[in-house]
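Architecture at a glance
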Amino acid sequence: MTSVPHAVAYPRPWRLGAGTQRTLIRIGTGVLLLVLWEVLVRWLAPPFVARPVTVARALPHVLANHVPAGTPTFWGSVEATVIAVFEGLAIGVTGGALVGLTMGRLRTADRLLRFYVSAFFAMPIIALVPVMTLWFGYSNTVRLAIVSLGAFLPVCLNVYDGTRSVPSSFVEVAQSYHARWWNVWFGIALPSSLPYLLAGFRLAVGRVLVGAVVAEYIVNLKGLGSMIVFDSRTFHQPQMMVAVLVLAVLGVAINGVADLATRRFLPWYRRSE
Amino acid sequence: MSTEGVRIRIAGVGKEFGALRVFQNIDLEIGEREIVSIVGPSGCGKTTLLRCIDGLVKPTEGEIRIDGTAVTGPPRGVAVVFQHFGLFPWKTVYENVAYGLRLAKAPKEHIRESVPRHIELVGLKGFEKAYPYQLSGGMQQRTGLARALATDPHVLLMDEPFASIDAQTREILQFELLRIWESRPMSMVFVTHSIEEAVLMGDRVVVLRGRPSSVHEVIETGLPRPRTRDVLSSPRFNEVRDHVWSRLMHEAEQAERELQEVR
Ligand SMILES: Nc1ncnc2c1ncn2[C@@H]1O[C@H](COP(=O)(O)OP(=O)(O)OP(=O)(O)O)[C@@H](O)[C@H]1O
Ligand SMILES: [Mg+2]
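Model, not experiment: these values are computed from the prediction.

About the criteria used
Residues numbered from 1 in each chain as written. Chains lettered and ligands numbered in written order. Predicted model: local features only at pLDDT ≥ 70, side-chain atom pairs only at ≥ 80, totals over all residues. Heavy atoms only, no water. Near = heavy atom within 4 Å. Polar contact = N/O pair within 3.5 Å; in protein donor to acceptor, adjacent residues only side chain to side chain. Areas by Shrake-Rupley, 256 points an atom, 1.4 Å probe, with all protein chains shown as cover. Helix = DSSP H or I, 4+ residues; strand = E, 2+ residues; numbered from the N terminus. Buried < 20%, exposed > 50% of the residue type's maximum accessible area, 1.4 Å probe, protein only. Core = buried A, V, L, I, M, F, W, Y, C linked by side-chain atoms within 4.5 Å. Contact = heavy atoms within 4.5 Å.

A few words on the site of ligand 1. All names here are of chain B. In the vicinity of ligand 1 lie 13 residues, with S42, G43, K46, T47 and T48 positioned nearest. Between C44 and ligand 1, the recorded distance is 3.3 Å, taken from a backbone N or O atom to an oxygen atom. Within the complex, the protein chains bury 62% of what would otherwise be the 630 Å² of accessible surface of ligand 1. Breaking the shell around ligand 1 down by element, the ones donating at least two residues are strand 2 (20-31) and helix 1 (46-53).

Quick look at the structure:
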């Protein structure tokens, strides 16, 4: 048996399915916002302010790497930021999951670390960028440290919560079948905290994008962040907006892939209650 | 229990949780091929006693030995079917059933042979890839049973395995379990709330009673094996059931009186 029982869909007096309707409404809102933007800027703002039409016109040039001489190419900037984002997610999520798991299962680790992890989580970590330039110089290391930390903290705290709330019945079953501590940690506590880890991951994506862009602004590293600063200072607003769009797409895409992967690989998720 | 050897020896066992004394002075011997049913009111410590036998909690007094060895942690060859099923929601039926074997580092060929065989034994063939959320309560409990049996235990501890299952499915499962037991008799402790079930399954029925509870009476059912549906309508079955019933009702009435006094 592989089929999943579906909720009964009641026939509606509408022609369109609920999903199609929702998509249409969403697209409609988007179009409306774009029109509003175009009209307001034309009406109220000076000509160099970006409008949807000028952004659209700039798009092919930017995508074809036509940039002012002496500045990094568009795709070069995208690549630099994207790589930093994925490195940060990889380091931060792995580290966060491991430390969160340790804190959740070991009381000593909990007492030693949780206060500090919570404190860092509550603090805007981009405030650390200037300090980090003193430690690491004006280098990519600053960005990597910021994005890794940005991913680490929410994942760590969420996995901690998850491993604290592992049903004791699962642990009892594992022990009854002679599980050793590492079987309980990695075979029970971690998989049963996956929903928490995913929630942490969503937070991490947001924080990593912010961290990467701000670090690029401040440290002036090749990437979308510095491209945005450069383009806006040189009144290339439409070009700047393309970079902003790429960041938005990146955030939505990563979370979308995470959603798809959840549905594909964790079919039990949200259904086990 | 007569000529055969003793598998589980429970001697003077008591358990306290802080100030709460759950049971005391439990003495019980369970044979190698014997099913002992345990009945008693809710909260009298049936689950706790099973936990003690499986070494998941330590008795505060007395000692439990299995095959002569004192129980200090979960012993090899003992498997539990839990009141709460205890299936892992992130594992398929196949992986849940394979859990004990994988932890025991059983050879791959053995797992590949044993897991499907036990899934078929409990009537879940075709559901190997299903997740627990896709299964009914009865199917989940079958999975739990297959997981326990797959480790080839010589002691099976069953904690109200059929309590949350509808009456028809329960009856089917009861006779399936009896059939499985006939094909590979083992030492079994069967905790239940249902007096009929206790009598149907057990060679003996242990009635726990009191607060803290202790063994109030042990009743030999004296019903023939293999047990079929005919047993349910035999005079002996009714006699034993009524006897156990009166023992427990007495207890229930007394509890009621105590409650009235408290009020
Ligand atoms: N880990 C624990 N810590 C403290 N008290 C506990 C613990 N486990 C059980 N108890 C208490 O011990 C008593 C017996 O519990 P137990 O679960 O063994 O009862 P039971 O006979 O299995 O009940 P039921 O028929 O409802 O399953 C209860 O009062 C319960 O609150
Ligand atoms: Mg119980």
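Back to the text.
Glancing now at unusual backbone geometry. Residue and element names in this part refer to chain B. Here the bond from R211 into P212 is cis, since omega is 0°, no more than 30 degrees from zero. The omega angle of the peptide bond from R225 to P226 is -5°, so this bond is cis rather than trans. Tracing the backbone shows P226 in the loop between strand 10 (214-220) and helix 7 (235-262). Positive phi, normally seen in glycine, also occurs at K105, with a value near 55°. Mapped onto the elements, K105 comes out in the loop between helix 2 (93-103) and helix 3 (108-121). Overall, K105 belongs to the exposed group, its relative accessible area being 71%. A positive phi angle, close to 55°, is found at D152, a residue other than glycine. With respect to the secondary-structure elements, D152 resides in the loop between helix 4 (137-150) and strand 7 (155-159). Owing to a relative accessible area of 56%, D152 belongs among the exposed residues under this scheme.

Turning next to the nonpolar core. If you look at the biggest cluster of nonpolar residues, it comprises 132 residues, and the most contacted ones within it are A:L89, B:I53, B:L156 and B:V244. Setting aside chain neighbours within four positions, we find B:I53 in contact with B:I8, B:I10, B:I64, B:I66, B:V71, B:P75, B:L157 and B:V189. One finds A:M103, A:V142, A:Y160 and A:V219 within the second-largest nonpolar core, a separate group that totals 16 residues.

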